[in-house]
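Analysis of the macromolecular model
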Amino acid sequence: MKRLIFSLLSLAAVYSTNAQQPAYKNPKLPISVRVEDLLSRMTPQEKFFQLFMIPGEIDSTKPDQYKYGLFGFQVSAGGGSDAGGQLLSYNTKETALALANKINKQQKYFVEKTRLGIPLLPFDEGLHGLVRQGATSFPQSIGLAASFDTALVSAIGAAIAIQSKERGIRQILSPVINIASDVRWGRVEETYGEDPYLTSRMGVAYMKSFETRGVITTPKHLLANVGDGGRDSYPIYWNDRFLQEIHLPPFKAAFEEAGTRSVMTSYNSVNGTPMSSNYDLLTRIVKKQWGFG
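Given the structure is predicted, the values throughout are model-derived calculations rather than measurements.

Turning our eyes to something else, we now look at the overall build of the protein. A tally of helices and strands in the protein yields ten helices and nine strands. Taking all 293 residues of the protein together, the buried fraction comes to 48%. Relative to all contacts within the protein whose residues are 6 or more apart in sequence, the contacts with residues 24 or more apart total 68%. Carbon and sulfur atoms form 55% of the exposed surface of the protein, whose accessible area is close to 14,100 Å².

With that settled, consider helix H4 (residues 96-113). When the terminal C-alpha atoms of H4 are compared, their 25 Å separation across 18 residues agrees well with the 26 Å that a helix rising 1.5 Å per residue should span. Of the residues making up H4, those classed as buried are Leu99, Ala100, Ile103, Gln106, Gln107, Tyr109, Phe110 and Val111.

Time to look at the packing of aromatic side chains. Within this structure, the stated rule accounts for twelve aromatic pairs. Between phenylalanine 48 and phenylalanine 49 the ring centres are 5.1 Å apart and the planes differ by 85°, which places this aromatic pair in the edge-to-face class. For phenylalanine 49, a relative accessible area of 16% puts it in the buried group. Through a chain of ring-to-ring contacts, the aromatic side chains of Phe48, Phe49, Phe52 and Tyr68 assemble into a single cluster. We note arginine 231 situated over the ring of tyrosine 234; from NZ or CZ to the ring centre the distance is 4.9 Å.

Regarding helix H2 (residues 31-41), the residues found buried are Arg34, Val35, Asp37 and Leu38. Each buried residue of H2 lies within a common arc of 165° when the element is viewed along its axis, so the set occupies one face.

The subject of this paragraph is the sheet that holds strand S5 (residues 216-217). Backbone-to-backbone hydrogen bonds join strands into a sheet, with any given pair of strands oriented parallel or antiparallel. The parallel open sheet is built from three strands, whose spatial order is S3-S4-S5. Looking along the sheet, the strands with just one partner apiece sit at the ends: strand S3 (123-124) and S5. The pairing of strand S4 (residues 171-172) with S5 spans two bridges and is parallel. Along S5, the bridge assignment pairs glutamine 171 with isoleucine 216.

So, about the side chain of serine 200. Position of serine 200 among the secondary structure elements: in helix H7 (residues 196-211). In this structure serine 200 touches Pro249, Pro250 and Ala253, once residues within four positions along its chain are discounted.

In contact at an axis separation of 6 Å, helix H8 (residues 240-247) and helix H9 (residues 249-258) are set at 55° when each is read in the N-to-C sense. Looking at the two axes, H8 sits oblique to H9. Facing Leu243, Gln244, Glu245, Ile246 and His247 of H8, the residues of H9 in contact are Pro249, Pro250 and Phe251.

Now for the pattern of salt bridges. Here the structure, examined in full by the defined rule, presents 15 salt bridges. Across the pair arginine 41 and aspartate 37 runs a salt bridge whose closest N-O atoms are separated by 2.9 Å. Separated by four residues within a single helix, arginine 41 and aspartate 37 lie in helix H2, roughly one turn from each other. Note that arginine 167 and glutamate 166 form a salt bridge whose closest N and O atoms lie 3.1 Å from each other. Assessed through its relative accessible area of 45%, glutamate 166 is described here as partly exposed. Beyond isolated ion pairs, a larger network of salt bridges with shared partners links Glu57, Glu94 and Lys102.

Another point: the side chain of threonine 191. As for its position among the elements, threonine 191 is in the loop between S4 and H7. Of the polar contacts made by the side chain of threonine 191, one reaches the backbone nitrogen of glycine 193; its length is 3.1 Å.

Another aspect to go through is the packing of helix H6 (residues 150-165) against H7. In the contact formed by H6 and H7, the axes pass within 7 Å of each other and the chain directions differ by 30°. The chirality of how H6 crosses H7 is right-handed. Across the interface between the two elements, Thr150, Val153, Ser154, Gly157, Ala158, Ile160, Ala161 and Ser164 from H6 touch Arg201, Met202, Ala205, Tyr206, Ser209 and Phe210 from H7. Class assignment for the residues of the contact of H6 with H7 results in eight nonpolar, five polar and one charged.

Here we take up the environment of methionine 42. Inspection of the secondary structure puts methionine 42 in the loop between H2 and helix H3 (44-49). Separated by 26 residues in the primary sequence, methionine 42 and tyrosine 68 have C-alpha atoms spaced 9.5 Å apart. Excluding residues that lie within four positions of it along the chain, methionine 42 makes contacts with Lys47, Gln50, Arg115, Leu116 and Ile118.

Ranked by size, the top nonpolar core spans 52 residues in total, and within it Phe73, Tyr206, Leu222, Leu223 and Leu248 carry the most contacts. Of all the secondary-structure elements, those providing two or more residues to this core are H4, helix H5 (141-145), H6, H7, H9 and helix H10 (279-289). Here the element with the most residues in this core is H7; it accounts for seven residues. Of all hydrophobic cores here, the second largest spans five residues; its members include Leu38, Met42, Leu116 and Ile118.

Reading the values: rules and limits
Residues numbered from 1 in each chain as written. Predicted model: local features only at pLDDT ≥ 70, side-chain atom pairs only at ≥ 80, totals over all residues. Heavy atoms only, no water. Helix = DSSP H or I, 4+ residues; strand = E, 2+ residues; numbered from the N terminus. Buried < 20%, exposed > 50% of the residue type's maximum accessible area, 1.4 Å probe, protein only. Contact = heavy atoms within 4.5 Å. Areas by Shrake-Rupley, 256 points an atom, 1.4 Å probe, with all protein chains shown as cover. Expected span 1.5 Å × (residues − 1). Phe/Tyr/Trp six-rings, centres within 6.5 Å; stacked < 30°, edge-to-face > 60°. Lys NZ or Arg CZ within 6 Å of the ring centre and 35° of its normal. Arc of directions from axis to C-beta. Pairing = 2+ DSSP bridges. Axes fitted to C-alpha atoms, helices over the stretch in contact; angles between N-to-C directions. Parallel < 35°, antiparallel > 145°, perpendicular 65-115°, else oblique. Salt bridge = Lys/Arg side-chain N within 4 Å of Asp/Glu carboxyl O. Polar contact = N/O pair within 3.5 Å; in protein donor to acceptor, adjacent residues only side chain to side chain. Left-handed = near helix turned anticlockwise from the far one by under 90°. Nonpolar A, V, L, I, M, F, W, Y, C, P; charged D, E, K, R; others polar. Core = buried A, V, L, I, M, F, W, Y, C linked by side-chain atoms within 4.5 Å.

Structure below.
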């Protein structure tokens, strides 16, 4: 959470020119000081909205809708319908420049119209290519894994990162580094396969290409998003050794080698505890052992 807050603070500092600026907007101060200063100023509503990210954009008819700020928008994710009435998940006619201009306009609102002036993080999906007009679609992850070519995956990640950043998108909800332990799972094609070592190498190659270009990666889903029978987001009951040897290594590599600044928890429970509130995995292992956050 602190890494993501600092990413937002770094954006805020760019916009701040006031000599009497608060500590959290001063890029010369230590990160810990800036984060603590910002948190001390935030109301419960402002803290809530920094945990809130949605597909959408600012509605000009509701100027106060996001007066408390917002963590992030998936801008133009609702694209209306095509000529045949088929609903589109994205605005497929929006050019890179048009999207960048729209995101700049949204950003201006959050910096100038909200009390704390915290910029939002525009985000999107980018599993094997940014799903936007003019962006390149590459082979699916399972196909890339079959190449055993980390240099290729690194180059593809770089291309997606560049196409994301030129549109103003600063966070990608990818890659999927879950282990494909059951072919009946409907998301196997999103993974790098069944081997934790190969998944780790492919994941690191992909994520480093983004992180070195200033785009935040979000590996998912921590942890083990597939249960018995290939059921998606199904409760799992697996022992620690199995988790440590098979399912945790790709995430450990993401934090320690790729420098990823975000992570998406899975929607299931792990050994009886919902993953989103799993102290043992999120706090003891990810934060304390791996130093994330």
